[in-house]
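Observations on the three-dimensional arrangement
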Amino acid sequence: MDEYIVKTESGKIKGYLRDGLIEYLGIPYAKPPVGELRFKRAQKITPWEGVFDAKEYGKEAVQFDEGEYKGSEDCLTLNIKRPEKGENLPVFVWIHGGGYNTGAANVPLYDGAPFARDGMVFVSFQYRLNVLGFYDFTTYPGCEDFDSNCGVSDQILAIQWIHDNIAAFGGDPERVTIAGESAGAASVVNMMAAPQVRGMFSQAIAQSPLPNCIMTHKQARANIDLFLEGMGWTEEDLPKLRTIDPFELLKGNNYVAELHQYKNPGIFLPGPIQDDLIPVRPIDAIRKGSARGVNLIIGTNMNEGTMFVHPEKTGFPNSWAMVAEMFENNGHAAELPRVISYYQPSAKDRFTEFRAQKEFTLNSVPDVKEEYRTEGGDPFIAFATDYAFQMPSLKVAEAQSKYGDVWMYRYELVTKSGEATGWKASHAFDLPAVFANKNFKFSQFLFEGEPEEVKDGIIRDMHNPWSRFTTEGNPDPENWPKYTGYDTEIRIFDRRTRTEKVDRRELMEVWDDMRFYED
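First, a word on scope: everything that follows refers to the structure included in this document. Just so you know, these numbers come straight off a predicted model, no measurement behind them.

1. Details of helix H4 (residues 183-193)
The buried fraction of H4 amounts to eleven of the eleven residues, a majority that puts the element mostly inside the structure. Among the residues of H4, those classed as buried are Ala 183, Gly 184, Ala 185, Ala 186, Ser 187, Val 188, Val 189, Asn 190, Met 191, Met 192 and Ala 193.

Below you can see the structure in the form of structure tokens.
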């Protein structure tokens, strides 16, 4: 390649050789969604003249994170890293998480260099978040010309761009694996159900997905009404959405984050909408074969709920009264006794003290000296873990196993800091291992006090199967059997990684096919 210049359908792009890898950063894959394109779905980029200098990452999407406002509306860019040599390489596409609310592809943890050094093309991309990306205003007066699922359209267009252009970077468009964690993993599941990207990837990895985080237009109004309240607006103020400073919108978004559980217990934060981009709810679409032929790794962490269940400003129900309201609101009041008896068999049981910090993000490590405490947090942590993550992930695995090979896992490593802070094996704690990164500040927090052999062991146990799956189509043929049902053998990632038969049939019987906030 002449000075690492490649020719794509969008135009020529200049890359840079750094640390033995060729990097192309900040490539625009869509028109900037600004001005008249605010609240419009992503549109193909107009091909540019000359050579685009892909020297540095683009800005993240508008968000409030680490206690500060950051990002830009002009955020639709992607990043590519590849080995110096090689053609027709497998492709690993990372979709970042953050609850459809925060996060970015340029977080140093997601550098992706270890994957590129394993002999693949690593790709990551930004997409619109929170109000600009996932709020549905289309049913409100004066907003009929707005689009729904703007953030989903960004993801779809990014995957289409990758499919159409990755060969120019030495990647094989027929060997694409899409992967993500949290909302990124939910996005992976959504893409398995999205008709517009069918056939554009052959494998998927979903780490701690929330597959049920998708609403109808009607149910989305529950969160949007709360947003209006937080902004101090009525419906008559909605035209301001077209021109207001985007950071001003985060006032209402933060209000929703703090109060949504108290208004509608068990509801998810604003996310994708069921519409023409995702016409059938993902789990139901996958059951019907929407991702036929796609191989899948899917799993959860043992204590996902510790990041979300709090005494104040909780992200999921933190009392049986809230759970009861959640079930009553969704027509499942008769099932409540069964659920309570599963998570709290005896009212006389005393649960260990629940500890959780006020805030936690990958970029903002919590202060372990400042913690909220309350008695009896355990059943609600387990409830949130199962409701949002484990139960629907099992449904995805069961559905997809009819159409492709599926492997399940659970991350159970409780490090010394995880024990000391009460986070245990919480949500996102698997990321440093998957990305083989011990030096990012979140990684340092997670591994504090642990010997090098523990760090290196969990990295080896998780990163290597992810790479092998991407390059060879099977994560570990000797030690990790394929999914066979709710009592299947799964891979347990821990201080001693192992394969165990985990019987979750009772769990799935308890939840049955109850549905929440779907009407």
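2. Brief notes about the sheet that holds strand E1 (residues 5-8)
The strand order across the open sheet built from three strands is E1-E2-E5, with neighbouring strands paired in mixed fashion. Both edges of this open sheet fall to E1 and strand E5 (51-53), since each of them pairs with a single strand only. Taken pair by pair, the neighbouring strands of this sheet meet at an average axis angle of 30°, ignoring direction. Pairing of E1 with strand E2 (residues 11-14) involves four bridges; the strand directions are antiparallel. Residue pairing for E2: Thr 8 is matched across the bridge by Gly 11.

3. What about the environment of Gly 15?
By the element assignment, Gly 15 lies in the loop between E2 and strand E3 (16-18). Gly 15 sits 41 residues away from Glu 56 along the chain, and the two C-alpha atoms are 9.7 Å apart. Excluding residues within four positions of it along the chain, Gly 15 makes contact with Glu 3, Tyr 4, Glu 23 and Tyr 24.

4. Things to note about the packing of aromatic side chains
Applying the stated criterion across every chain, the model contains 51 aromatic pairs. Measuring from centroid to centroid gives 6.2 Å for Tyr 69 and Phe 247, while their planes differ by 80°, and the two rings are edge-to-face. Here the residue Tyr 69 occupies a position in strand E7 (residues 68-70), and Phe 247 occupies one in the loop between helix H5 (217-231) and helix H6 (249-263), the gap between them amounting to 178 residues. Note on Phe 247: relative accessible area 26%, which makes it partly exposed.

5. Things to note about the environment of Pro 209
Tracing the sequence through the fold places Pro 209 in the loop between strand E12 (203-207) and H5. Measuring from C-alpha to C-alpha, the distance between Pro 209 and Ile 458 comes to 21 Å, with 249 residues separating the pair along the chain. In this structure, Pro 209 is in contact with Ser 182, Ala 185, Ala 186, Val 189, Ile 298, Gly 299, Ala 388, Phe 389 and Ser 393, ignoring residues within four places of it in sequence.

6. Things to note about the side chain of His 310
Within the element layout of this structure, His 310 appears in the loop between strand E13 (295-301) and helix H8 (320-329). Judged by its relative accessible area of 8%, His 310 is buried. A polar atom in the side chain of His 310 sits 3.0 Å from the backbone oxygen of Met 307.

7. Some points on the pattern of salt bridges
Pairing between side chains of opposite charge can happen when their charged atoms approach one another. In total, this model carries 39 salt bridges according to the counting rule given. In this structure, Lys 70 engages Glu 66 in a salt bridge whose closest nitrogen and oxygen atoms are separated by 2.6 Å. By relative accessible area, Glu 66 is classed as partly exposed at 31%. Sharing partners across several salt bridges, the network here consists of Arg 281, Asp 284, Arg 287, Lys 395, Asp 513, Arg 515 and Glu 518.

Calculation criteria
Residues numbered from 1 in each chain as written. Predicted model: local features only at pLDDT ≥ 70, side-chain atom pairs only at ≥ 80, totals over all residues. Heavy atoms only, no water. Buried < 20%, exposed > 50% of the residue type's maximum accessible area, 1.4 Å probe, protein only. Helix = DSSP H or I, 4+ residues; strand = E, 2+ residues; numbered from the N terminus. Pairing = 2+ DSSP bridges. Axes fitted to C-alpha atoms, helices over the stretch in contact; angles between N-to-C directions. Contact = heavy atoms within 4.5 Å. Phe/Tyr/Trp six-rings, centres within 6.5 Å; stacked < 30°, edge-to-face > 60°. Polar contact = N/O pair within 3.5 Å; in protein donor to acceptor, adjacent residues only side chain to side chain. Salt bridge = Lys/Arg side-chain N within 4 Å of Asp/Glu carboxyl O.

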